[in-house]
Amino acid sequence: MTTTAHFPEPVLGAPEGALLEGAPLADGLPLAALPADPAPDFAAPSLAELRDALAGIASGLDARFVSAGTALGRAYEIVEGLIGALESVTNAFERDAADVAVGNMRRTADRLTCLPAIQAARRDALKMIEQASAALAVQIEQVNRTLSFLRICGLNIKVAAAGSGDFSSFADMMFTKLDLGEQEMESISREIAWLAEAVPGMFEVERQLAVECALVVPHIPRKLAEDAVALQRDQIEQADRAVRISAAARDIRTQVGTALGALQVGDSTRQRLEHVADGLSDVDAFLEQGPAFGAEVAEAVGGHALALLAAQALDTLEAFQRESRLLASSLRGIGPSAVMLLEMRGTGDSPQGDEEGVFLHVLERSVAEVAAVTQQLREADARSNRLSNRASSTAENLALRLATVHRITGDVQQMAWNTDLRCYRMGTEGRGLAVVASEIRGFAATLETIASAIALSFDGLTSAAGVIRGSQEDEPADAGQALAESLTCIREGGQRMGAGLSELDRSALAVAEILEDTTGKIDCEDEVGGPLMAVTERLSGLGRICAEIPEEGLAPSAELLDRIAARYTMAREREIHRGFLPEEEAGASAPDSADMFDDDDDFDDGLF
């Protein structure tokens, strides 16, 4: 009695691209697309020929996809470099530098625009200094003359005291204080004299400044302010454009990265074809031992194994066609994105239509021209500022000398009180000294009046000094240097943008060429798909599913199928394989079972 193994009926379906009509399918595969009768002719074509054909296809496929992967890797690196170049245009540090340049230009323009008003205020301040200086010169002379009269009073005290030692020492003390007062008043006189001499020169500098100012104000500062606004607007537009280009480049990078991952279809197809080719070698070796099992067993086991290999080859073919077509379509879709990058590059021309087409270069020339035109104005302004600073400092120092005048006035008043006291103690003998004391009191009153007038003059100097100081509070430390720094920033920004856009041109063209070449390599329907389909059809003609294997063929069949299954690296291969096992073995070989199959490498089969 003969014992047979029963196989499960495959799940039927009708996938697109089935090779043989009317064939029963397992999970969408024409697994039984083999003639049931007569027995397959294993001699024509030979299994060795089919094995060599599959090995050749696998080898050529591997070369194509490895080359494509290398090219796509290069494209990924190019886009990555482009993104880095564009980020140099948009990073916060460079934007801050551009903002500083714009601020410098605006402050310089504001300074030039306000210069006429500043000049008018400084001229008024200089007139006030001139008037106060003239008044002070007269008032200081009055103080000096009063001090001279007080010195005469001191001599009269000595004479009237007729050699009294007490009065003589008192007169000597008066002379000492008068000497100190005269020295301090001399110092004040020198500062007032310097102001009197400097003010006419300052008026001349201000006149020259007014002439230069009339040549450039208001059109030059207005142009500078417009350039500053244009620079800021251009910086924003360039940065926004760089952000858009970077976003498009990142999309391309993502697409290329996805394509790189999808290229594993070439490797997985190669592996599966190699497994089928090795399986043909196993079947060939088994058939050579056919006489040992008997012709019927050999035909049944061999035909069943060939049906399995035909199903693996067919599934591999369909998966390769499907995935490679999707991959080629995806790569073709990246091309328009690369073209879009070049179109974005073309939107950066200068709004003024200059011959170079780079706005920053035009702006650089414009700012340089403004700087050259205003050079004399800035030099005259600087001379005026230096003289004004000196005059302001002198005026402020003179204001501090008011305390000296008050001290001298107080000393003279003290002299008058001391003289009165001494005369009172001498009685009738002190009448002569009383006359001198009366004169000293008169001089003290005169000094007090002069001191009040000096205080008013000093107030005028202080006010004028404040006007001069205030006119320079908002001025940059060096307007020329500020413009030079702005020019440097503009130049560097133009160079960075030029470099980034130049890199964009090269990168977009290089990526487009790589994508076109890579698409041609993987779009290999005629070179790979056609020959593989022919081999699959020939292999399908040799295979024959055996629903009932004789008992004496069970062990050889299991050994042969196990040897074929041992090479599998993908879950899809194992799934197809289970459809060719006896019912009891198929149940025991479920995906969760580890006795025959290992699913650790399912990750490699992600595309399937």
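Residues numbered from 1 in each chain as written. Predicted model: local features only at pLDDT ≥ 70, side-chain atom pairs only at ≥ 80, totals over all residues. Heavy atoms only, no water.

Asks: Would you mind going over the overall build of the protein chain with me for this structure?
Replies: Scanning the protein chain for helices and strands turns up 16 helices and two strands. Across the protein chain, contacts joining residues at least 24 apart in sequence account for 88% of those joining residues at least 6 apart. Summed over its atoms, the accessible surface of the protein chain is roughly 28,300 Å², and 54% of this surface lies on carbon and sulfur atoms. (Helix = DSSP H or I, 4+ residues; strand = E, 2+ residues; numbered from the N terminus. Contact = heavy atoms within 4.5 Å. Areas by Shrake-Rupley, 256 points an atom, 1.4 Å probe, with all protein chains shown as cover.)

Asks: Sorry if this is basic, but what is going on with the pattern of salt bridges here?
Replies: Oppositely charged side chains can pair when the atoms bearing their charge come close. Tallied over the full model, the rule gives 17 salt bridges. The partner of E274 in a salt bridge is R270, and the shortest N-O contact between them spans 3.0 Å. In this pair, E274 and R270 are both assigned in helix 5 (residues 264-288), four residues apart and thus about one turn of the helix distant. Residue class for E274 comes out partly exposed when judged on its relative accessible area of 33%. Three or more residues are tied together by salt bridges with common partners; here these are R272, D315, R572 and E575. (Salt bridge = Lys/Arg side-chain N within 4 Å of Asp/Glu carboxyl O. Buried < 20%, exposed > 50% of the residue type's maximum accessible area, 1.4 Å probe, protein only.)

Asks: Before we go on, may I ask you to explain a negative patch on the surface in this structure?
Replies: Where like charges cluster on the molecular surface, the negative patch consists of E296, E299, E551 and E552. Among the elements of the structure, helix 7 (295-346) and helix 14 (551-565) are those that each provide at least two residues to the negative patch. In this structure, E552 sits in helix 14. Of the residues examined, E552 reaches a relative accessible area of 46% and is grouped as partly exposed. (Patch = residues over 30% accessible without salt bridge, like charges linked within 9 Å, V, L, I, M, F, W, Y side chains within 5 Å. Lys, Arg positive; Asp, Glu negative; His and termini not counted. Charge placed at Lys NZ, Arg CZ, Asp CG, Glu CD.)

Asks: Is there a simple way to think about the packing of aromatic side chains in this case?
Replies: What the rule picks out here adds up to two aromatic pairs. Plain terms: the ring middles of F65 and F320 are 6.1 Å apart, the flat faces sit at 65 degrees to each other, and that makes the pair edge-to-face. Here F65 is found in helix 1 (residues 47-90), whereas its partner F320 is found in helix 7, with 255 residues between them in sequence. Residue classification places F320 among the buried positions, given a relative accessible area of 1%. Ring geometry for F149 versus F443: centroids 5.4 Å apart, planes at 20 degrees, classification stacked. Of this pair, F149 sits in helix 2 (residues 92-160) while F443 sits in helix 11 (residues 431-470), and the two are 294 residues apart along the sequence. In this structure F149 comes out as partly exposed when scored by relative accessible area, which is 38%. (Phe/Tyr/Trp six-rings, centres within 6.5 Å; stacked < 30°, edge-to-face > 60°.)

Asks: Which parts of the structure should I look at to understand the nonpolar core?
Replies: Nonpolar side chains tend toward joint burial in soluble globular proteins. Core analysis: the biggest nonpolar cluster contains 73 residues, and L327 and L539 have the highest contact counts within it. Listed by contribution, the elements that provide at least two residues to this core are helix 1, helix 4 (219-262), helix 5, helix 7, helix 12 (479-522), helix 13 (525-542) and helix 14. Per-element tally for this core: the top contributor is helix 7, with 19 residues. Membership of the second largest hydrophobic core comes to 47 residues, among which are I129, F175, F458 and L461. (Core = buried A, V, L, I, M, F, W, Y, C linked by side-chain atoms within 4.5 Å.)

Asks: Where do I start with the packing of helix 5 against helix 14 in this structure?
Replies: Two elements in contact, helix 5 and helix 14, have axes whose closest approach is 9 Å; the angle formed by their N-to-C orientations is 155 degrees. Our classification of the angle between helix 5 and helix 14 gives roughly antiparallel. The way helix 5 lies across helix 14 gives a crossing that is right-handed. Every residue of helix 14 that contacts helix 5 at G279, D282, V283 and F286 is listed here: P556, L560, R563 and I564. When the residues that make up the contact of helix 5 with helix 14 are grouped by side-chain class, the tally is five nonpolar, one polar and two charged. (Axes fitted to C-alpha atoms, helices over the stretch in contact; angles between N-to-C directions. Parallel < 35°, antiparallel > 145°, perpendicular 65-115°, else oblique. Left-handed = near helix turned anticlockwise from the far one by under 90°. Nonpolar A, V, L, I, M, F, W, Y, C, P; charged D, E, K, R; others polar.)

Asks: Could you clarify how one ought to interpret the side chain of S457 in this entry?
Replies: Considering the arrangement of structural elements, one finds S457 in helix 11. Setting aside its immediate chain neighbours within four residues, S457 contacts A132, A135, L136 and Q139.

Asks: Can you help me understand helix 10 (residues 402-426) in this one?
Replies: Since the α-helix packs 3.6 residues into each turn, any two residues three or four apart lie on the same face. Counted at 1.5 Å a residue, the expected span for helix 10 with its 25 residues is 36 Å, and the 37 Å between its end C-alpha atoms agrees. Burial in helix 10 covers these residues: L402, T404, V405, I408, T409, D411, V412, M415, A416, T419 and C423. (Expected span 1.5 Å × (residues − 1).)

Asks: Help me understand the confidence of the model for the protein chain, please; the structure alone is not making it clear to me.
Replies: For any part of a model where pLDDT is low, the fine detail of the predicted coordinates should not be relied upon. Considering every residue of the protein chain, the mean pLDDT works out to 74; 74% of them sit at 70 or more. Ranking the elements of the protein chain by mean pLDDT puts strand 1 (residues 4-6) last, at 41, and helix 15 (residues 571-578) first, at 94. Across residues 590-608, confidence stays below pLDDT 50; counting only partners more than four residues off in sequence or on other chains, it has 37 contacts. (pLDDT = per-residue confidence, 0-100.)

Asks: Looking at this structure, how should I read the side chain of T146?
Replies: Summarising the element assignment, T146 is placed in helix 2. Its relative accessible area of 5% is what places T146 among the buried residues. If we skip the residues at most four places from it in the chain, T146 touches F443, T446, L447 and I450.

Asks: Looking at this structure, I do not really get the environment of E343. What am I missing?
Replies: Along the chain, E343 falls in helix 7. A sequence separation of 98 residues divides E343 from I245, and the C-alpha atoms of the two residues are 9.9 Å apart.

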